[in-house]
Structure formats: C-alpha cells, structure tokens
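Chain by chain, the residues:
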Amino acid sequence: EKSFDDDDDDDDDEELVAWDYPVPFPEYNSIAGYVSFYPGKLNCTIHGERVLPQPGPGFYGGWVTTEVVGPFKGEPGTEAW
C-alpha cells in the first residue's frame, strides 16, 4: 500500500510532495517507515548540492546529483525500459 503527502494540512488539491509504503510487500519490508520526496517539488540538497529531479514524467522520484551517472529512465529513448 502506497500513501502520499502534500505540502500542507489543508484538504484542498495540493501538489503531492512525498510518498511512503507503510505496509510494503514482504520482500520490501526494509523500506517500511521511510518517506520519499519528489526533488522537483521541494528544495532538496545533499551536502549543499541542489538535487535535480529524475528526467521524465513527474511521477518519477529519482534524485540526480553530480555523483549519479545516467542514463535515467525518463530520458528520450527510455520509454520501453
């Protein structure tokens, strides 16, 4: 089961900024309790470096820095991955 969080506590249609899996499939139990953030919707940094969102549609949650080398799903030509 996947759950989503928006950037405030109002009940309006705010943009989703985070998600988690409170009850993941058994083989993914290690991620239970962790929250993931979309870097393109928040100001995310790692050691002072601004994190870029993974290329492609907005539902990808990958964090891209100068330490990460592609190709990345979402770039042109990766639709069939």
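In the block above lies the structure referred to throughout.
Each chain carries its own residue numbering, running from 1 in the written order of its sequence. In keeping with the model being predicted, local features are shown solely for residues with a pLDDT of at least 70 and side-chain atom pairs are shown and tallied solely at 80 or more, while totals for entire chains, interfaces and linings include all residues. As a rule here, side-chain values come from all non-hydrogen atoms in the structure, and water together with hydrogens is ignored.

Draft legend 1. Region of interest: the environment of Pro55. Where helices and strands are cited, they refer to DSSP runs of H or I of at least four residues and of E of at least two residues respectively, numbered from the N terminus. Mapped onto the secondary structure, Pro55 falls in the loop between β6 (52-53) and β7 (63-64). In this structure Pro55 comes out as partly exposed when scored by relative accessible area, which is 26%. As a C-alpha pair, Pro55 and Phe72 span 17 residues in sequence and 6.9 Å in three-dimensional space. Here Pro55 is in contact with Tyr60, Val64, Phe72, Lys73, Gly74 and Glu75, once residues within four sequence places are set aside. Relative accessibility under 20% of the residue-type maximum defines a buried residue, over 50% an exposed one, and the middle range a partly exposed one, all with a 1.4 Å probe and only protein chains included. We call two residues contacting when some pair of their heavy atoms lies within 4.5 Å.

Draft legend 2. Broad picture of the environment of Glu15. When you line up the elements, Glu15 lands in the loop between β1 (3-6) and β2 (16-20). The spacing of Glu15 and Lys41 is 26 residues in sequence and 8.2 Å in space, taken between C-alpha atoms.

Without other data, these values stay purely geometric and don't point to any function.
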